[in-house]
Amino acid sequence: MTVSPPASIKRPLKTVRLACDLVVGGGGLSGVCAAIAAAREGLKVVLAQDRPVLGGNGSSEVRLWILGATSHMGNNNRWAREGGVIDEFMVENTHRNREGNPVFVDALLLEMVAREPNITLLLNTVIHDLEKNDAGTIRSLRAFNPQNATEYTLAAPLFCDATGDGLIGFLAGAAFRMGAENRDEFGEGMAPGDAFGELLGHSLYFYSRDTGRPVKFTPPSFALQDITKIPRYKDFSSTEQGCKLWWVEYGGRKDTVHDTEEIKWELWKVIYGVWNYIKNSGKFPEAATMTLEWAGTLAGKRESRRFEGDLMLTQRDLVEQIPHPDDVSFGGWAIDLHPADGVYSPIDGCTQYHAKGVYGIPYRTMYSRNIKNLFLAGRIISASHVAYGSSRVMATCGHNAAAVGLAAALCKKHNKLPRDIAAPEYIKELQRELLKRGQYIPGVPLRDETDLAQTAQLTATSELQLTALPPAPSNIPFPESTLSPKNPLAPGAPPAPGSAPTPGSARVPRASTRVPPVPPSGLSTGQTPKAADAPQTAATADPIKTRPLNASWAMMLPVSAGPAPRVVYYARAKTDTTLRVELRISSKPQNHTPDTTLATREIPLAAAAGFQPVALDFPAAETSAAASAASPATAAPTTADTATAGTTAASTTAADSTAAETTAAGTTIAAPTVAATGLTAAAGVVIPRACYAFYIIHANPAVEIALSDHRVTGILALTHEANKAVAKSAVQTPPDGVGVDTFEFWLPRRRPAGENLACAITPPIPLYATQNLLNGLARPVSAPNAWVADPADPAPAVTLRWPAPQTIRRITLAFDTDYDHPMESVQMGHPESDMPFCVSSYRILDASGKTLVEENGNYLSQREHILAAPVRTTALRIELSHPSPHIPAALFAVRAYAE
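Report on the accompanying structure. Since the structure is predicted, the reported quantities are computational estimates derived from the model, not experimental observations.

Comments concerning the overall build of the protein chain
Line of reasoning, step 1. Of the regular secondary structure elements, the protein chain holds ten helices and 45 strands.
Line of reasoning, step 2. In the protein chain, which comprises 899 residues, the proportion classed as buried is 62%.

Re the packing of aromatic side chains
Line of reasoning, step 1. For the structure shown, the criterion picks out 15 aromatic pairs.
Line of reasoning, step 2. For the pair Y277 and F284, a centre-to-centre distance of 5.4 Å together with 80° between the ring planes defines the contact as edge-to-face. Summarising the burial analysis for this pair, Y277 and F284 share the class buried.
Line of reasoning, step 3. Ring centres of F815 and Y842 lie 5.1 Å apart, and the angle between their planes is 35°; this geometry places the pair in the tilted category. Linking F815 in the loop between β40 (797-814) and β41 (842-846) with Y842 in strand β41, this pair joins segments that are 27 residues apart in sequence.
Line of reasoning, step 4. On the basis of relative accessibility, which here comes to 1%, the residue F815 falls in the buried class.

Details of unusual backbone geometry
Peptide bonds are trans in most cases, and residues, glycine excluded, mostly fall at negative phi.
Line of reasoning, step 1. Cis peptide bonds are those with omega within 30 degrees of zero, and the linkage from R751 to P752 qualifies with 10°.
Line of reasoning, step 2. In this chain, T762 is followed by P763 through a cis amide linkage whose omega measures -10°.
Line of reasoning, step 3. In this fold, P763 is placed in strand β38 (residues 759-765).
Line of reasoning, step 4. A positive phi angle is found at R63, which is not glycine, with a value near 75°.

Describing the side chain of E82
Line of reasoning, step 1. If you trace the backbone, E82 turns up in the loop between β3 (45-48) and α2 (84-96).
Line of reasoning, step 2. Buried and without a salt bridge, E82 has R81 as its closest oppositely charged side chain, separated by 6.4 Å.
Line of reasoning, step 3. A polar atom in the side chain of E82 sits 2.8 Å from the backbone nitrogen of A69.
Line of reasoning, step 4. Excluding residues within four positions of it along the chain, E82 makes contact with G68, A69, D87, F330, A395, T396, H399, R779 and Y819.

Things to note about the environment of R213
Line of reasoning, step 1. With respect to the helices and strands, R213 occurs in the loop between β11 (206-210) and β12 (249-250).
Line of reasoning, step 2. Remark: the alpha-carbon pair of R213 and T289, spanning 76 residues in sequence, is separated by 4.9 Å.
Line of reasoning, step 3. Apart from the residues lying within four places of it in its own chain, the contact partners of R213 are A288 and T289.

Here's the deal with the packing of helix α1 (residues 29-39) against helix α3 (residues 102-114)
Line of reasoning, step 1. One way to put it is that α1 packs onto α3 with a least axis distance of 10 Å and a crossing angle of 25°. Between α1 and α3, the angle falls in the class roughly parallel. α1 and α3 meet at a crossing whose hand is left-handed. Contacts between α1 and α3 pair L29, V32 and I36 from the former with L109, M112 and V113 from the latter.
Line of reasoning, step 2. Classifying every residue of the contact of α1 with α3 by side-chain character gives six nonpolar, no polar and no charged.

Side note on α2
Along an α-helix, a turn takes 3.6 residues, which lines up residues three or four apart on a common side.
Line of reasoning, step 1. Helix length check: α2 (13 residues) gives 18 Å between terminal C-alpha atoms against 18 Å at 1.5 Å per residue, within 8%.
Line of reasoning, step 2. For α2, a buried count of ten out of 13 residues is recorded, marking the element as mostly surrounded by other parts of the structure.
Line of reasoning, step 3. Among all positions of α2, only G84, V85, I86, D87, F89, M90, V91, E92, N93 and T94 are buried.
Line of reasoning, step 4. Where α2 is buried, its residues meet α1, α3 and α9 (394-414).

Side note on the sheet that holds strand β4 (residues 119-122)
Line of reasoning, step 1. Taken in spatial order, the five strands line up as β4-β3-β2-β8-β20 in an open sheet, and their pairing is parallel. Of all the strands in the sheet, just β4 and β20 (374-376) have a single pairing partner and so form its edges. Taken over all neighbouring pairs, the strand axes of this sheet differ in orientation by 20° on average, direction set aside.
Line of reasoning, step 2. Where strand β8 (residues 158-161) and β20 come together, three bridges link them in parallel fashion. By the bridge assignment for β20, C160 is matched with F375.
Line of reasoning, step 3. With respect to the sheet, α1 is in contact with β2 (22-25), β3, β4 and β8, its orientation differing from that of β3 by roughly 170°.
Line of reasoning, step 4. Contacting β2, β8 and β20, α9 runs over the sheet at an angle of about 160° to β20.

Describing the sheet that holds strand β5 (residues 126-134)
Across a sheet, strands are paired by hydrogen bonds formed along the backbone, either parallel or antiparallel in direction.
Line of reasoning, step 1. Strand order across the open sheet formed by four strands is β1-β7-β6-β5, with mixed pairing between neighbours. The open sheet has two free edges, formed respectively by β1 (14-19) and β5, since each of these has just one partner strand. Between one strand axis and the next, the sheet turns through 20° on average, direction left out of account.
Line of reasoning, step 2. One ladder, built from six bridges, connects β1 with strand β7 (residues 150-155); its direction is parallel.

With respect to the nonpolar core
Side chains of nonpolar character tend, in soluble globular proteins, to be buried together.
Line of reasoning, step 1. In this structure, L22, V45, F89, Y363, F375 and L430 are the most contacted members of the largest nonpolar core, which totals 86 residues.
Line of reasoning, step 2. In terms of residue count, α9 provides more of this core than any other element does, twelve residues in total.
Line of reasoning, step 3. Beyond its immediate chain neighbours, meaning those up to four positions away, L430 contacts V328, Y363, A403, L406, A407, L410 and I421.
Line of reasoning, step 4. By size, the runner-up hydrophobic cluster in this structure holds 57 residues, among which are L466, A571, C691 and C759.

Some points on the state of the cysteines
Line of reasoning, step 1. A complete count under the given rule lists zero disulfides for this structure.
Line of reasoning, step 2. Free of any disulfide, C397 has its nearest cysteine sulfur in C33, 9.8 Å distant.
Line of reasoning, step 3. With relative accessibility at 4%, the residue C397 sits in the buried group.

Regarding the environment of D793
Line of reasoning, step 1. Along the chain, the position of D793 falls in the loop between β39 (787-788) and β40.
Line of reasoning, step 2. Residue D793 is classed as buried on the basis of its relative accessible area of 4%.
Line of reasoning, step 3. For the pair D793 and T461, spaced 332 residues apart in sequence, the C-alpha to C-alpha distance is 7.3 Å.
Line of reasoning, step 4. Those residues in contact with D793 that sit more than four places away from it in its chain are T461, S462 and H882.
Line of reasoning, step 5. Of note is the side chain of D793, whose polar atom sits 2.4 Å from the side chain of T461.

Structural notes on the pattern of salt bridges
Oppositely charged side chains can form a pair if their charged atoms are brought close together.
Line of reasoning, step 1. By the definition in use, this model includes 52 salt bridges.
Line of reasoning, step 2. The partner of R177 in a salt bridge is E181, and the shortest N-O contact between them spans 3.1 Å.
Line of reasoning, step 3. Salt bridges here are not isolated pairs; linked through shared partners, they connect R40, E88, E92, R96, E111, R115 and E116.

A short note on a nonpolar patch on the surface
Line of reasoning, step 1. A cluster of nonpolar side chains, namely F170, L171, F176 and M178, defines an oily patch on the protein surface of about 300 Å² accessible area.
Line of reasoning, step 2. Tracing the backbone shows F176 in strand β9 (residues 176-177).
Line of reasoning, step 3. For F176, a relative accessible area of 33% puts it in the partly exposed group.

Points about the pairing of strand β45 (residues 893-897)
Line of reasoning, step 1. Here β45 lies mainly inside the structure; five of its five residues are buried.
Line of reasoning, step 2. Side chains A893, R895 and Y897 project from β45 onto one buried face, and the interleaved V894 and A896 project onto a second face that is buried too.
Line of reasoning, step 3. Here five bridges tie β40 to β45, and the two strands are oriented antiparallel to one another. In the sheet register, A814 faces β45, and the bridge partner there is A893.

Definitions and cut-offs
- Residues numbered from 1 in each chain as written.
- Predicted model: local features only at pLDDT ≥ 70, side-chain atom pairs only at ≥ 80, totals over all residues.
- Heavy atoms only, no water.
- Helix = DSSP H or I, 4+ residues; strand = E, 2+ residues; numbered from the N terminus.
- Buried < 20%, exposed > 50% of the residue type's maximum accessible area, 1.4 Å probe, protein only.
- Phe/Tyr/Trp six-rings, centres within 6.5 Å; stacked < 30°, edge-to-face > 60°.
- Lys, Arg positive; Asp, Glu negative; His and termini not counted.
- Salt bridge = Lys/Arg side-chain N within 4 Å of Asp/Glu carboxyl O.
- Polar contact = N/O pair within 3.5 Å; in protein donor to acceptor, adjacent residues only side chain to side chain.
- Contact = heavy atoms within 4.5 Å.
- Axes fitted to C-alpha atoms, helices over the stretch in contact; angles between N-to-C directions.
- Parallel < 35°, antiparallel > 145°, perpendicular 65-115°, else oblique.
- Left-handed = near helix turned anticlockwise from the far one by under 90°.
- Nonpolar A, V, L, I, M, F, W, Y, C, P; charged D, E, K, R; others polar.
- Expected span 1.5 Å × (residues − 1).
- Pairing = 2+ DSSP bridges.
- Core = buried A, V, L, I, M, F, W, Y, C linked by side-chain atoms within 4.5 Å.
- Disulfide = S-S within 2.5 Å.
- Patch = residues over 30% accessible without salt bridge, like charges linked within 9 Å, V, L, I, M, F, W, Y side chains within 5 Å.
- Areas by Shrake-Rupley, 256 points an atom, 1.4 Å probe, with all protein chains shown as cover.

This is the structure in structure tokens:
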């Protein structure tokens, strides 16, 4: 029992002083990623969060999905999900929580932080003051926790502001901005005027639930009574949970820091007014059994302060994808600006314009230009209001913050301040260490001299040469319908599973290009075709999967510089018709926007019950000027079904055989082509560089096309359409003068849809060699960048050999967890818990055949195995299982280290 007599003076609070290497203020996704990245490098970190849970806008308190450059798969940023710490969270959350329960998001973030012994987590702890050594240096922060009535002093040489509103930077006197720059300052065509407003507002979400019995609703007295004050009130629907009504937004005309409580009250009025309208207006009879299960109590903030670093990201950096020598992260969400009046605005709820690909984010945006020991993380990094419209989203912020955490570790290692790390020698080290941990930086491959795999001889039991994606089921005559024929182990090849590698054994020859018949499985076995493999007709009992060409479709295939491969699709026509086909590439090799057309053809197709080959045939009969084209031309319409934003290189029909075309930009793209039908063409089209090529077959409702259920790393089927979540139409068409490109969207569909188009490819695509494991790129970019085994290989394996014994303690493998899948954290739901391309079972053996690692439940992008004790060996053998009968084993990288 405690008895305290009256005090003559005020009683002091309990006080605790914590000293560490790095204090991170703010426990949203950015603060979590920064703290974890730093702690894993040995820094002692204090993470102070003013809420009872972690995650910020991604937590159960707000319930916004975590998203970044993938943009709901609604732009042309292929394989653009963020890497490193944030990817670790996204993949794990999908594995555990594919339904998108926000409570489980809270739990996972808490678990990830709690697993790090170097992090001291302070929840419900509000930073409210600080002390400085001098005008440019913070000494300590002061914080209070009302739950345990404790005052904290948090001292460190380095601080990271991830508070969202930039509270630490504000208190410290860091230079910041609030509102929008005018157009002239950075030449930004998207800079808004007064009518649109200079700030993005807050949102509150709500959940509804159908109880199965009548439920009445009596609105609180503060609920908005006149729903017509909301110009978009007719867009409300009882079938959508309130969390999808992101445009229920308000506050952009107010001080989005100090007026937050007032803004929240206005949003409460709107939410309860909306629910009253849905329940009691009589216009939604289906809502009779529905109840309002949850309404947010914490406003989700979009914008407040932005702080100034040594460089400010601007619209031009994003749209032109300008590389910076100190890029350490990337973005790719649209430039997404909202009217300041929010839900009360007659203007559309957002203005979203995309770049043609992802853009790099430089380190110089991630520290204060005048507070020497202050890092910036999250939405407060140094960016203009327009650029902020893209860089503000959570997955991008988390990816940036991981770079901050690792930069803090370099500061300690080299006894430097944040600005010092921007020097070239330290940036190179920072980039290297980020890449080793799974971070992706556009245009920067991993170059690691300590990686022993770089000096090894690599061999594999097989290497995929892509000759076809067979139809599903494979019951039409398809002479080229194998992924690749079986590749038996050649003399001198790596031994069978479990046996010791033979020193000095030769590389196994790549899979043969012979074309065997196709069994029903679609894989080569050398069997003789049976009657069941006859052409598909209406009477066939086992119809193949097809898709009507109600929209244009394409296979996006990786190709080498040189003659364009021949691709054959299989189509069935209801009536005599003509198919329009095209071959396109992107004007930038790292992009996946098909804005440069190399050739166009029209192919007559007769009505038939069965399938007919449609050949996009571009043999090297003539030399294409595209091989020497250095830059894309301006947009020009090329397709019949929509206005195309691509550059037309050659447009050839039966009635049109003309000289090489010079575009509006003055760039001659292709040589003359000749009218072609059926399976032949006299065109000579050359792919100018290694890149992805788009083999397009345009919309024709009279035609259906055969599909394949085979999937391969780095291969996608795309369709020309809009994703209404992030674009208004299938062609981005901005107004004149805004400084954004016009171009088409070509999008994959989410599984279980989005099957590949069945096709045959000649010559085979040989871009899945073992040497890809050492090229420093752990995702598809302008090539697949993966080793992929032949699907007929019964025991796929890669072997690393050295001429002399090596000491190995740590082994890292990078797997394909489908970086094209956005993995939204809540609300959306996902078709699988684990990505279908990811190898789940593998083992690693040494030269004697001893098993060093065995894994049977992998689902992560990167696995680092630290051996119990170092081993001395001349070889490592990595044995993998195929993920499924229709997906061959793939691996992006293997690295080995002595320590």
